[in-house]
Amino acid sequence: MTVRWVVVLTGIVAVVAVGIDPLTYVNTLIGTYGTGYGIGALPPGPQTPFGLVRLGPDTCEMDNFNVVWRHNGGYYWGDNYIRIFSHTHLVGAGLPDYGSIGVMPMNRLPTSDDLTRFGFRSNFSHSSETIEPGYYSVTLEDPNIKVELTATDYVGLHRYSYLGDSTTERVVLFDTTYTLSEDAWSDNTCGDTETFIDPLNNEISGWIQEIGELSGRYGGFTTYFVAQSNLPFELYGVWDGNQVLEGATYTSGCGRQQLNSSGAYIVFPKDVSTVEIYVGISSISIEQARLNLKQINGLSFDSALDQTQGVWRDYLNMFEVDGTHTNKIKFYTALYHTLLAPTTFSEEGGNYIGFDKSLHQLPSGQDRFLSDMSIWDTFRTEAPWLTLVAPDVARDSVRSLTLMYQQGGSLPRWPMAYGYTGCMCGTHAIIVIVDAWKKGVQDFDVEATYAAMKYAATETQQYDSRVDINDWINLGYIPGDVKDVGCVLTQDYSYDDWALGSFAADIGEAEDATTFTNRSKNYKNVWNPETMFFCPKSTNGIWDCPKYDWQYLDPADSRYVEGDAWHYRFYAPWDPEGLIALFGSTEVFAEQLDIFMESSKSDPVHTAPNPYYWAGNEHNIQYPYLFNFANRTDLTQKHVRWLLDHRFTAYPEGIPGNDDYGTMSAWFTFGALGFFPIAGSSTYLLGSPLFDKVVFHRPDGGLLTITANDNSDTNVYVSQVYINGVLWNEPTFDHADLYAQTESTIEFYMSSTPNAH
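Residues numbered from 1 in each chain as written. Predicted model: local features only at pLDDT ≥ 70, side-chain atom pairs only at ≥ 80, totals over all residues. Heavy atoms only, no water.

Peer 1: I'm lost on unusual backbone geometry in this one. Help?
Peer 2: The general pattern is negative phi for most residues beyond glycine and trans for most peptide bonds. Residue Pro-342 follows Ala-341 across a cis peptide bond; omega there is 10°. A positive phi angle, close to 60°, is found at Asn-202, a residue other than glycine. Of note in this structure, Met-532 is not a glycine but carries a positive phi near 60°. Here Met-532 lies in the loop between strand 27 (527-528) and strand 28 (533-534). Note on Met-532: relative accessible area 21%, which makes it partly exposed. (Helix = DSSP H or I, 4+ residues; strand = E, 2+ residues; numbered from the N terminus. Buried < 20%, exposed > 50% of the residue type's maximum accessible area, 1.4 Å probe, protein only.)

Peer 1: Whenever I open this one, the side chain of Thr-458 confuses me. Can you help?
Peer 2: Examined against the element boundaries, Thr-458 turns out to sit in helix 9 (residues 446-458). In contact with Thr-458, other than residues within four places in its own chain, are Ile-469, Ile-473, Phe-516 and Arg-519. (Contact = heavy atoms within 4.5 Å.)

Peer 1: Quick question: what am I supposed to make of the state of the cysteines here?
Peer 2: Where two cysteines share a covalent bond between their sulfur atoms, that bond is called a disulfide. Inspection of every chain in the model, using the stated rule, returns two disulfides. Shown here is the disulfide that connects Cys-190 with Cys-254, its sulfur atoms set 1.8 Å apart. Of this pair, Cys-190 sits in strand 12 (residues 190-198) while Cys-254 sits in the loop between strand 17 (250-252) and strand 18 (262-268); the two residues are 64 residues apart in sequence, bridging distant segments of the chain. Neither Cys-190 nor Cys-254 differs from the other in exposure class; each is buried. A sulfur-sulfur distance of 2.1 Å marks the disulfide that ties Cys-535 to Cys-545. Handedness of the Cys-535-Cys-545 disulfide follows from its S-S torsion of about 115°: it is right-handed. Taken together, the positions of Cys-535 in the loop between strand 28 and helix 13 (576-583) and Cys-545 in the loop between strand 28 and helix 13 put the pair 10 residues apart, joining distant regions of the chain. (Disulfide = S-S within 2.5 Å.)

Peer 1: Looking at this structure, I do not really get empty space enclosed by the protein. What am I missing?
Peer 2: Over the atoms a probe the size of a water molecule is rolled, and this reveals where empty space is left. If you walk through the whole model with that rule in mind, you get six cavities of 30 Å³ or more. For the largest cavity, the calculated volume is near 170 Å³. Sorting the residues of the lining of the largest cavity by element identifies helix 5 (375-378), helix 6 (382-389), helix 7 (391-408) and helix 8 (429-438) as the ones contributing at least two each. With four residues, helix 6 is the single largest residue contributor to the lining of the largest cavity. Residue assignment for the lining of the second largest cavity shows that the elements contributing at least two residues are strand 14 (221-229) and strand 19 (274-282). Here the lining of the second largest cavity takes three residues from strand 14, the largest share from any one element. Residue composition of the lining of the second largest cavity, grouped by class: six nonpolar, seven polar and two charged. (1 Å grid on protein atoms, 1.4 Å probe; cavity = no way out; pocket = protein on both sides within 12 Å on 5 of 7 lines; lining within 4 Å. Points joined across faces, edges and corners; volume = space filled by probe spheres on them. Nonpolar A, V, L, I, M, F, W, Y, C, P; charged D, E, K, R; others polar.)

Peer 1: Help me understand helix 16 (residues 663-673) in this model?
Peer 2: In terms of burial, helix 16 is largely enclosed, as 11 of its 11 residues are buried. By the burial criterion, the buried members of helix 16 are Thr-663, Met-664, Ser-665, Ala-666, Trp-667, Phe-668, Thr-669, Phe-670, Gly-671, Ala-672 and Leu-673.

Peer 1: What is the right way to read the packing of aromatic side chains from this model?
Peer 2: Working definition: an aromatic ring pair is given by the centre-to-centre distance plus the angle between the planes. In the structure shown here, the tally under the stated rule is 64 aromatic pairs. Each ring, one from Tyr-33 and one from Tyr-76, has its centre 5.2 Å from the other, and the planes form 50°; the classification is tilted. Taken together, the positions of Tyr-33 in the loop between strand 2 (13-17) and strand 3 (56-60) and Tyr-76 in the loop between strand 3 and strand 4 (81-86) put the pair 43 residues apart, joining distant regions of the chain. Among the residues examined, Tyr-76 registers a relative accessible area of 2% and is labelled buried. Each ring, one from Phe-596 and one from Tyr-613, has its centre 6.2 Å from the other, and the planes form 90°; the classification is edge-to-face. Of this pair, Phe-596 sits in helix 14 (residues 586-599) while Tyr-613 sits in the loop between helix 14 and helix 15 (633-646); the two residues are 17 residues apart in sequence, bridging distant segments of the chain. Directly above the aromatic system of Tyr-81 lies the positively charged group of Arg-121, at a separation of 5.3 Å from the ring centroid. The ring of Trp-566 carries the charged tip of Arg-569 above its face, separated from the ring centre by 4.8 Å. (Phe/Tyr/Trp six-rings, centres within 6.5 Å; stacked < 30°, edge-to-face > 60°. Lys NZ or Arg CZ within 6 Å of the ring centre and 35° of its normal.)

Right, dumping it as structure tokens:
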């Protein structure tokens, strides 16, 4: 194979294999389908890696009816209609939000019927779709218009080809009041909006204040836009409620359910066959959106597409994998999904809105201000994955979290845009930071970052605070009568303090290190030795464990966070030896964990939560690797390979649950390589590699080559492993081992029978 080296502006060193385009292995429809809890909720449309614009189709089933959860990412593969193309989307989240600045081409002038119930929606067929990283196209059947989309960091580019005869209109509609939260959960998630038409400058602009299911928790956020076309429009108008006002240039107001939505439309001459629309967006102002629009600097649609796909190729070419075609699709698609977020919220000129809602300039040396971090999920796999493959992004994530603390006063749990959502639990931003630090990403203000972490762990924050700091410090656990999920919070805070104690030791804060390390053992205080499960315990020490066997398997049990007692039974990955001691022996631990894993396999779908190992949710995704600490590495290898083969597929329903900003996809990519992180440390756990050979072109310019000799669907067990030529007798290794040589190696020897140890 002939290769050439390419140095990318992002700092990534990639190798491009001539004649092999990694984009062909990416199927962005994976994760857009499923039922119930098994929906990936991923948007399939174009964006750049970590880009602000996520442009894509938002679909519906019939009329204006949306089923809860199916449209959190806008697009659901089972739908028949496209309702609009919007410019912002969540990435595999469990709630609807974003969907700002909706645009739709039409072949007729809009009427009041179009505007009140998405009358401009259109049938479409998957057979007309073409989807690649950075590109989406589809033919809208009702108006007979071909839509093509691409994106840069801040600009969504549309190309509309009107396939009908010259008697039909050439109309583009801008629904400024549209949001994805609009009718999924509540009547009105648009707080206010304005739309302007400037015919002399061939421009439409405006803004929307969105109050979505996440953003509404901090008062909402505003998205601004400026749209221009490559051809002058000859007619234009706005609508206000259900009244169309031809020739008007201004409108405002929200609330489709109350019939007072608003927006604009423009009309091109009937002899025009193709129109390009360029939409710059901003979280700062219309003027900033106009500045962001200049990013394309006169680029045509095709030129922008080539540029964006070139960036994607550089990222995807970090890896060369030797395996089946299906597994390559699964791997490169998962890799692609891990690079969608977090979102870059700093804009042209280095401007961004901070968590104090004020305008700021990026500090010197910081490339981007990042937000949209689903940290309860991402700290486990996605954050460690970015530390491995995109350390510049990991660095800016740490710097951004510190800025959020400095400007907003609190370290966030689930930062979205420029606000605290308060979503989920724990103080896991600490683990994100420490994980990067432990793996050599240390180019940040250590003193300021440590102050942020220590404050979050010891004080009551204004936002996203720990629950009941005093009981945590004095009792050593969060009582169940203070918070019903107190035992889970105790486990979470123990994990966070373990990471913080390790960081404190590294920077010479010995007293703090001892304090936090001691608190990391607090999880043992909510272990019930009679039931051998973690259970809530009251302030007075009274246990509140499930009373019946079936209750231990009830994922709706309010004593646990998104899970049941079994889901949290093995949750102490930071202290596996201490956890195993609670079971009495390694044999008992391995036996119970194996029951948990094996019992989950009888559930062939993901519609409802699996009461045993739930591959579609985050709290238990480390568990298959814990056998390594119980002298049963063979069971780790067996279960990991089964999950890689059976819970992840190359179909639209191919992710077992919400991808949660790359978390599930990163579980797959790590597993496919043959190792898995203990988040918050530099330690990896060995597994069972999926591919015969992987070459990772490291960000430092070196190589990591992973080979699996005699690998097959039946040879899933590791008989021997060599790391950098040394026979390895431990189930763990260090991040530094991946960088120990210019060309580091991990060599597995596979077998159909378990190794004796």
